[in-house]
Amino acid sequence: MASISTDKRTGRRRVLFVAPDGKRKCIRLGKIAMRAAETVRIHVEHLAGAAAHGHAPPDDTSQWLAKRDGELLDKLVAVGLAKPREDATATLGAWLDSYVAKRTDVKESTATTYRHTRRNLVEFFGAGKPLREITPGDADEWRLYLMEQELSPNTVRRRSAYAKQFFGAAVRKGIIASNPFADLKGSVLPVRERMHFITRADAAAVLAACPDTQWRLLFTLSRFGGLRCPSEHLGLRWGDIDWERSRFTVHSPKTEHHPGGEQRIVPIFPELRPHLEAAFDEAEPGTEYVITRYRDTNTNLRTQLQRVIAKAGLDPWPKLFQNLRATRQTELEESFPSHVVCAWIGNSRAVAEKHYLQVTPEHFERAAQAAQNPAQSAHESPGQAQTAHGPEVKKPRKSPGLAECVTTCPGVPVGDAGLEPATSTL
């Protein structure tokens, strides 16, 4: 317990308490009002209790401590109730550099976005700006500044989320009392006008224009396997292919930080098998990876695919690889339960609905046909419907090579992830 002692002769006050080391200590406050001294006493008691029992102090005490500086902070440090605050980390540039350097746990794509966000913050506020002087109003103006840079709305949202993360860490370190970026929206929104369904006819034209077996496999793994490109393609090994049971294991760096998200089992769909077999026949003995020609991290697969699409006589669609993956999920949802498709694609239902599933022209055509022939539609089950995406599927659970996977492939939930980070052009 902490108490207040007042010198009757001088009127000076001090807070008495027992430190975590068991010694009785005091903090001299000088001539201050009893109400102000009582505030200090309460927070000193909370800090001493937290230090003694090894837990964090209450939020209001942490916020109070973050606002202390000068002589009182020095006194709290002297009695072991606060850590010395380095002036360098109290400025924007130094804090951001310190935070980014310590985040060795994130992938390079995330680190790149960290650096872009840091650059935007320093350009707007200046590297020497004290963190405590940045207000929520300043954060609003910074967001408007990003919009003036002609960044996409989702890029603005992503960088706002990272700015919120940077300053949230400063709050937890006790450098600032509150997060000025806390109210900025950071969730990415679906951009419907950039969603595109790649029909089987267009896919066939692109396959015919592919220059070699490796490119045909890259394309089919995206369009008919639903893999994220390039990370999941380049991580695929021949040892992951189970030819006998018509399935293969996909290793997913994107979702490995989620429980059970480090890998998933995907069927060897009929559209995939001939291209996998062709690549296997061409592979040198002892070859480990399925994709061998494009493993250089500097290889720009997106640009090369644009050339292949142009050679096929088609116009490149937005989000080249993302839409191939989204197209496959939309197709599979026509024939298999959603939780099974999400397990194969490696995302959650929420992400699928927000960023993947599309309404295609074929949906409207089938609806119109059903309206014209309601009697036939009433006797036709969803599993028996002839779709525009492939042959009639009467009973998917008995499809060769897929039945066992449907029943044994665990529906392991993964986090709300699944978007391969786009290569930054900034």
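Thresholds applied
- Residues numbered from 1 in each chain as written.
- Predicted model: local features only at pLDDT ≥ 70, side-chain atom pairs only at ≥ 80, totals over all residues.
- Heavy atoms only, no water.
- Buried < 20%, exposed > 50% of the residue type's maximum accessible area, 1.4 Å probe, protein only.
- Helix = DSSP H or I, 4+ residues; strand = E, 2+ residues; numbered from the N terminus.
- Pairing = 2+ DSSP bridges.
- Axes fitted to C-alpha atoms, helices over the stretch in contact; angles between N-to-C directions.
- Contact = heavy atoms within 4.5 Å.
- Phe/Tyr/Trp six-rings, centres within 6.5 Å; stacked < 30°, edge-to-face > 60°.

Before going further, it helps to spend a moment on helix α9 (residues 213-223). Buried residues dominate α9, accounting for ten of its eleven residues. All of the buried residues along α9 are T213, Q214, W215, L217, L218, F219, T220, L221, S222 and R223.

The side chains of a regular strand alternate, residue by residue, between the two faces of the sheet. Relative to strand β2 (residues 13-18), strand β1 (residues 3-6) is paired through four bridges, and the arrangement is antiparallel. Paired with S3 across the two strands is L16, which belongs to β2. Turn length for the β1-β2 hairpin, with the two strands adjacent in sequence and antiparallel, is six residues, and the turn residue G11 shows positive phi of about 80°.

Turning our attention to the sheet that holds β1. Pairing is antiparallel in the open sheet, where three strands are placed in the order β1-β2-β3. Taken across any chain shown, the strands that pair with only one partner, and hence form the sheet edges, are β1 and β3 (24-30). Along the sheet, successive strands turn relative to each other by an average axial angle of 30°, direction set aside. Set on the sheet, helix α1 (residues 34-53) makes contact with β1, β2 and β3; between it and β2 the angle comes to about 15°.

Before going further, it helps to spend a moment on the packing of aromatic side chains. Using the criterion set out here, one finds 14 aromatic pairs in the structure. Chaining the aromatic ring pairs together yields one cluster made of W95, Y99, Y114, Y162 and F166.

The next thing to look at is the side chain of D212. Examined against the element boundaries, D212 turns out to sit in the loop between α8 (200-209) and α9. We classify D212 as buried; its relative accessible area is 14%.

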